[in-house]
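Report on the structure
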Amino acid sequence: MSTSSHSADGPLRRDPASPSPSYALAVPPQARRVLEVLEAAGYEAWCVGGFVRDSILGRPVSDIDIACSALWRQTEEACLAAGMRVHRTGEKHGTVTVVCDDAAFEVTTFRVDGTYSDSRHPDEVCFVRSLEEDLARRDFTINAMAYHPQRGLADPFGGMEDARRGIIKTVGDPTRRFGEDALRILRACRFCSQLGFSLDPDTYQAMLEGKSGLSRVSSERITAELQKLLLGEHASDAILGTVDVLSSVLPELVAMKEFDQCTPYHSYDVLEHTARAVAETPPYPLVRWAALLHDMGKPGAFFKERSGRGHFYGHAKISVALARGIMDRLTFSPAFRDRVLLLVERHDDVFDATPKAVKRALARMGGDVELFRALCDLKRGDASAQAPGYAEERMRLADDLLRVLDGILAADEAFTLKSLTVNGRDAMDVGIAQGPDIGAALAAALDAVIDERIPNDREALLAFLGKWSRADS
Ligand code: ATP
Ligand code: MG
């Protein structure tokens with residue numbers, strides 16, 4: 001895995017007035033207001049977690065979480081009195097959502113998690129008095145920092161130094177921390193992918209030793225972390241660097257590791273090809289899952305001819321079977337799963353980059369433009385992870401397919417029954433019997449339009465349907 005170093009001077013501004021090193025992070029005015037209101041009411045409140053980490057690293061920040069000494073009812077009372085809205089989103093865990101000028105913040109009471117008898121949910125949470133106790137229950141040092149616009153950074157576990165060195169390290173003993181909640185093992189892999197960080201050696205060792213604990217973690221939580229890993233900017237390094245951990249939830253990866261493809265088309269083993277293909281696709285879930293799964297069937301389909309050259313005839317079908325197993329084990333909507341499986345099945349289909357061929361492919365995909373685009377993105381990513389010399393031509397073909405698609409869309413050309421200038425009513429009017437013949441006649445009309453035998457013009461299509469009706473009777 002790569003170790004990227006982040007300069008602590010990069011996105012940070014040293015505050016010269018402060019006696020100890022402190023840094024000014026950009027806290028949005030609404031968050032400042034919530035902190036002020038809580039502190040004016042006599043409590044202590046800090047920005048915590050992902051916001052602090054991402055601000056320090058100069059990455060885009062998403063939501064801002066606030067940790068506070070107030071109990072949730074006290075937070076609610078103080079914020080309501082200041083004219084803010086409050087939603088009771090997680091009172092059991094001490095969390096309410098405070099809305100200030102349309103910006104929402106999760107405000108959580110300083111807490112520690114109780115014992116974890118099932119290594120997935122704490123049996124209870126205990127509210128505590130000090131920020132430091134709250135930070136100590138957090139997973140990694142880079143996630144265990146707090147920031148306050150006046151008081152600066154609170155960093156009792158060396159998160160800033162680990163952020164600077166690009167290291168993922170647990171707060172406290174990794175074996176104990178992964179034993180409490182095994183999901184943290186996947187979270188570590190996911191942060192490697194998002195941040196390009198390396199794993200502290202002791203943390204990594206404990207991940208390997210504790211990975212069987214993931215069998216007790218819910219499939220929803222595992223799926224969410226895997227997806228964040230797949231979408232990360234450093235997904236390839238993270239997959240290759242943590243495959244021996246990921247294999248506890250994706251055992252299918254094991255056969256791909258170091259599987260020599262024995263072909264001039266490929267310079268990488270199946271796993272490295274896959275990891276590179278993932279990273280070379282644009283970061284959206286549909287295509288990244290398909291890229292992860294597209295070649296899983298290769299080890300099972302491998303065939304070596306006498307010359308020593310490898311072939312993988314029919315691997316896409318085996319990949320689909322393995323992918324279906326994985327997706328059924330994890331948590332996806334049936335619609336999303338089916339779209340991913342279709343991409344896996346079709347990833348090696350050959351299309352000419354001509355309007356006719358693209359429209360035919362679109363028609364076969366039920367006119368689903370986004371799915372076809374994803375197929376082109378997958379083909380491009382797949383191609384770019386092949387051997388130099390072979391990759392370029394196939395990448396160009398995928399680019400050409402996308403260009404042809406854009407042309408078809410710009411010209412509003414027909415590739416679905418709906419886009420024809422005639423419909424079922426017209427088919428009946430020219431004498432085609434109600435029932436399956438209508439669909440067959442319209443499909444024949446669409447074929448003729450796609451093949452450019454007739455234009456998508458109402459008169460021409462009515463004549464076509466009339467002829468079809470007479471030929472059929
Ligand atoms: P992102 O929101 O980008 O996924 P994040 O770090 O904000 O990243 P969240 O899941 O929103 O992650 O959690 C917020 C904070 O809560 C984390 O930064 C961390 O301090 C703590 N945290 C989250 N999950 C765990 C966990 N399983 N164990 C310990 N601490 C956790
Ligand atoms: Mg978050």
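If you're wondering where the values come from, they're calculated on a predicted model, not measured in any experiment.

**Things to note about the site of ligand 1**
By nearness alone, 14 residues border ligand 1, and Arg 53, Asn 143, Asp 181, Arg 184 and Lys 228 come closest of all. Note that a nitrogen atom of ligand 1 is positioned 3.2 Å from one of the backbone N or O atoms of Asp 139. Arg 190 is positioned with one of its side-chain polar atoms (N or O) 3.0 Å from an oxygen atom of ligand 1. Considered on its own, ligand 1 offers 590 Å² of accessible surface; in the complex 79% of this is hidden by protein. Taken together, the elements giving at least two residues each to the shell around ligand 1 come down to helix H2 (50–56) and helix H7 (183–195). Sorting elements by how many residues they give to the shell around ligand 1 places H7 first, with four residues.

**Concerning the pairing of strand E7 (residues 103–109)**
Among the seven residues of E7, five are classified as buried, and the element is accordingly described as predominantly covered. Bridge analysis of strand E4 (residues 65–68) against E7 gives four bridges, and the strand direction is parallel. Within E7, the residue paired with Asp 65 across the bridge is Glu 106. Bridge count for strand E6 (residues 95–100) against E7 is six bridges, and the pairing is antiparallel. Residue pairing for E7: Thr 97 is matched across the bridge by Glu 106.

**Considering empty space enclosed by the protein**
Evaluation of the coordinates by the stated rule reveals one cavity of 30 Å³ or more. Considered as a void within the structure, the largest cavity measures approximately 50 Å³ in volume. Along the walls of the largest cavity sit Leu 226, Leu 229, Leu 230, Ile 239, Leu 246, Leu 250, Leu 253, Trp 289 and Leu 292, which together make up its complete lining. Residue assignment for the lining of the largest cavity shows that the elements contributing at least two residues are helix H9 (219–231) and helix H14 (285–293). Here the element with the most residues in the lining of the largest cavity is H9; it accounts for three residues. A per-class count over the lining of the largest cavity returns nine nonpolar, no polar and no charged.

**A few points about helix H8 (residues 201–210)**
Buried within H8 are the following residues: Thr 203, Ala 206 and Met 207. End-on, the buried residues of H8 take up no more than an arc of 105°, which puts them together on one face. Of the exposed residues in H8, those oriented more than 90 degrees away from the buried face are Pro 201, Asp 202 and Glu 209.

**Some remarks on the packing of helix H19 (residues 369–384) against helix H20 (residues 391–410)**
One way to put it is that H19 packs onto H20 with a least axis distance of 7 Å and a crossing angle of 165°. By the criterion of interaxial angle, the relationship of H19 to H20 is roughly antiparallel. For H19 against H20, the interelement crossing comes out left-handed. Within the contact between the two elements, H19 uses Val 369, Phe 372, Arg 373, Cys 376, Asp 377, Lys 379, Arg 380, Asp 382, Ala 383 and Ser 384 and H20 uses Ala 391, Arg 394, Met 395, Ala 398, Asp 399, Leu 401, Leu 402, Leu 405, Asp 406 and Leu 409. Of the residues assigned to the contact of H19 with H20, the class counts are eleven nonpolar, one polar and eight charged.

**Structural notes on the packing of helix H18 (residues 355–364) against H20**
Here H18 crosses H20 at 80°, and the two axes come no closer than 10 Å. When the interaxial angle is binned, H18 and H20 end up roughly perpendicular. In this structure, H18 contributes Pro 355, Val 358, Lys 359 and Leu 362 to the contact, and H20 contributes Leu 401, Val 404, Leu 405 and Ile 408. In terms of residue class, the contact of H18 with H20 is built from seven nonpolar, no polar and one charged.

**A short note on the layout of surface pockets**
Looking at the second largest pocket, its volume works out to about 720 Å³. If you trace the second largest pocket, you find 30 residues lining it, with Tyr 265, His 315, Asp 348, Gln 386 and Arg 394 closest to the centre. Among the secondary structure elements, those contributing two or more residues to the lining of the second largest pocket are strand E15 (310–311), helix H16 (315–329), H19 and H20. With four residues, the single largest contributor to the lining of the second largest pocket is H20. Its residues placed into classes, the lining of the second largest pocket shows eleven nonpolar, nine polar and ten charged.

**Regarding H18**
Within H18, the full set of buried residues consists of Ala 357, Val 358, Lys 359, Ala 361 and Leu 362. Buried residues along H18 sit in contact with H19, H20 and helix H22 (436–450). Positive backbone phi, at 65°, marks Gly 366, one or two positions downstream of H18.

**Observations regarding the sheet that holds E7**
The strand order across the open sheet built from seven strands is E5-E6-E7-E4-E3-E10-E11, with neighbouring strands paired in mixed fashion. Of all the strands in the sheet, the pair left with one neighbour each is strand E5 (85–90) and strand E11 (152–154). Averaged over all pairs of adjacent strands, the angle between strand axes in this sheet comes to 35°, irrespective of strand direction. Strand direction decides the pairing type here: strand E3 (residues 45–48) and strand E10 (residues 146–148), joined by two bridges, are antiparallel. In the sheet register, Val 48 faces E10, and the bridge partner there is Ala 146. Each of E3, E4, E6, E7 and E10 is contacted by helix H1 (residues 29–40), which is oriented at about 35° to E7, the strand it contacts most. In the packing of helix H3 (residues 72–81) onto the sheet, the strands contacted are E4, E5, E6 and E7, and the crossing angle to E5 comes to about 160°.

Here is what the cut-offs are and how they apply
Residues numbered from 1 in each chain as written. Chains lettered and ligands numbered in written order. Predicted model: local features only at pLDDT ≥ 70, side-chain atom pairs only at ≥ 80, totals over all residues. Heavy atoms only, no water. Near = heavy atom within 4 Å. Polar contact = N/O pair within 3.5 Å; in protein donor to acceptor, adjacent residues only side chain to side chain. Areas by Shrake-Rupley, 256 points an atom, 1.4 Å probe, with all protein chains shown as cover. Helix = DSSP H or I, 4+ residues; strand = E, 2+ residues; numbered from the N terminus. Buried < 20%, exposed > 50% of the residue type's maximum accessible area, 1.4 Å probe, protein only. Pairing = 2+ DSSP bridges. 1 Å grid on protein atoms, 1.4 Å probe; cavity = no way out; pocket = protein on both sides within 12 Å on 5 of 7 lines; lining within 4 Å. Points joined across faces, edges and corners; volume = space filled by probe spheres on them. Nonpolar A, V, L, I, M, F, W, Y, C, P; charged D, E, K, R; others polar. Arc of directions from axis to C-beta. Axes fitted to C-alpha atoms, helices over the stretch in contact; angles between N-to-C directions. Parallel < 35°, antiparallel > 145°, perpendicular 65-115°, else oblique. Left-handed = near helix turned anticlockwise from the far one by under 90°. Contact = heavy atoms within 4.5 Å.

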